[in-house]
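These are the residues of each chain, in order.
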Amino acid sequence: MDLQYPLELVGTLVFAISGALAVRDKEHDLFGAGFTGFITAIGGGTLRDVLLGSYPLVWIGDVNFLYAILLGVLAAFVFPRFLLKLRKTFFLFDTLGIGFFTVLGVEKALSLGVRPEIAAIMGMFTAVMGGVIRDTLVNQIPVLFSKEIYASACLTGAILYLLLDYLGLERDYNMLVSISVIISIRLVAVKYKLSLPRLD
């Protein structure tokens, strides 16, 4: 897809902003906000590439990702009140981001020759692990471990992508369908407060 690369950069930018804003109540300086934003933006993709042995890492091989992170951190530092007013907007961007990066992670894993089961897990890791690291750094329970439907939406979309790919659906349509399913699951789950059964 022609939009794949710019969407990767936009997703990186948005996740950097979310990471920087996560420390707003922790009395961190620009460096602390920048570090958290950086980890949030590149954490999932880096973990995926390290586990798969894919080098150089995406953000090392393409400096534009570092520029996107820097821009996101500066935006969060200069316009924090304005950005915090857009929480619902950034929830939507985060949801779009996990949808896109799930499929991107699956594709990256498949291109390296791993089995489909592993590719699905790598897609989920790509989407959610940056946020897990961010929440851990700011001493919050990661969304992954809450009752919200988050990682399970990504895993469902990853499996759907693999299934449709097996059935021969054209790549671009497959991406759109799978991303849309992830986004829809996440939005519906939050709107209606749906969750998976708890382990009591």
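Note that this is a predicted model, so its numbers are computed, not measured. (Residues numbered from 1 in each chain as written. Predicted model: local features only at pLDDT ≥ 70, side-chain atom pairs only at ≥ 80, totals over all residues. Heavy atoms only, no water.)

A. How the structure looks around the packing of helix H2 (residues 30-52) against helix H4 (residues 64-78). Packing of H2 against H4 brings their axes to within 9 Å, and their N-to-C directions diverge by 135°. Regarding the angle of H2 to H4, the classification is oblique. Seen from above, H2 lies across H4 with right-handed handedness. Of the residues in H4, those in contact with Leu30, Ala33, Gly34, Gly37, Phe38, Ala41 and Ile42 of H2 are Leu66, Ile69, Val73 and Phe77. (Axes fitted to C-alpha atoms, helices over the stretch in contact; angles between N-to-C directions. Helix = DSSP H or I, 4+ residues; strand = E, 2+ residues; numbered from the N terminus. Parallel < 35°, antiparallel > 145°, perpendicular 65-115°, else oblique. Left-handed = near helix turned anticlockwise from the far one by under 90°. Contact = heavy atoms within 4.5 Å.)

B. A look at the UniProt feature "domain: Glycine transporter" (unreviewed entry) in the protein chain. Using the residue numbers shown here, the UniProt feature "domain: Glycine transporter" (unreviewed entry) corresponds to residues 7-79 and 92-164. Along residues 92-164 the backbone is 77% helical and 0% strand, and the end-to-end C-alpha distance reaches 25 Å. (UniProt positions renumbered as here; feature names shortened; annotations may be inferred.)

C. Just helix H9 (residues 171-191), in detail. The terminal C-alpha atoms of H9 lie 30 Å apart, and with 21 residues this matches the ideal 30 Å at 1.5 Å per residue to within 8%. All of the buried residues along H9 are Asn174, Met175, Ser178, Ile179, Ile182, Ile183, Arg186 and Ala189. Viewed end-on, H9 has its buried residues packed into an arc of 155°, placing them on one side of the element. Of the exposed residues in H9, the ones pointing more than 90 degrees away from its buried face are Tyr173 and Lys191. Its side-chain oxygen placed 3.1 Å from the backbone nitrogen of Asp172, Glu170 serves as the N-cap of H9. Once H9 finishes, Lys193 follows within two positions and takes phi at roughly 55°, a positive value. (Expected span 1.5 Å × (residues − 1). Buried < 20%, exposed > 50% of the residue type's maximum accessible area, 1.4 Å probe, protein only. Arc of directions from axis to C-beta. Polar contact = N/O pair within 3.5 Å; in protein donor to acceptor, adjacent residues only side chain to side chain.)

D. Expanded view of the confidence of the model for the protein chain. Summing up the model confidence of the protein chain, the mean pLDDT is 88 and the portion of residues at 70 or higher is 94%. Confidence, expressed as mean pLDDT per element, reaches its minimum in the protein chain at helix H5 (residues 80-84) with 76 and its maximum at helix H8 (residues 151-166) with 97. (pLDDT = per-residue confidence, 0-100.)

E. Broad picture of the side chain of Thr95. Here Thr95 is to be found in helix H6 (residues 87-111). At 2.8 Å, the side chain of Thr95 and the backbone oxygen of Phe91 are in polar contact. Non-local contacts of Thr95, meaning those with residues more than four positions away in its chain, are made with Ile183, Arg186 and Leu187.

F. View of the nonpolar core. Membership of the largest hydrophobic core comes to 35 residues, with the highest contact counts inside it found for Ala41, Ile69, Ile98, Phe100, Val106, Val128 and Cys154. The element that contributes the greatest number of residues to this core is helix H7 (residues 116-137), accounting for eight residues. Not counting chain neighbours up to four residues away, the residues in contact with Val128 comprise Tyr150, Ala151 and Cys154. Ala22, Ala75, Ala76 and Leu83 belong to the second-largest nonpolar core, a separate cluster that totals 10 residues. (Core = buried A, V, L, I, M, F, W, Y, C linked by side-chain atoms within 4.5 Å.)

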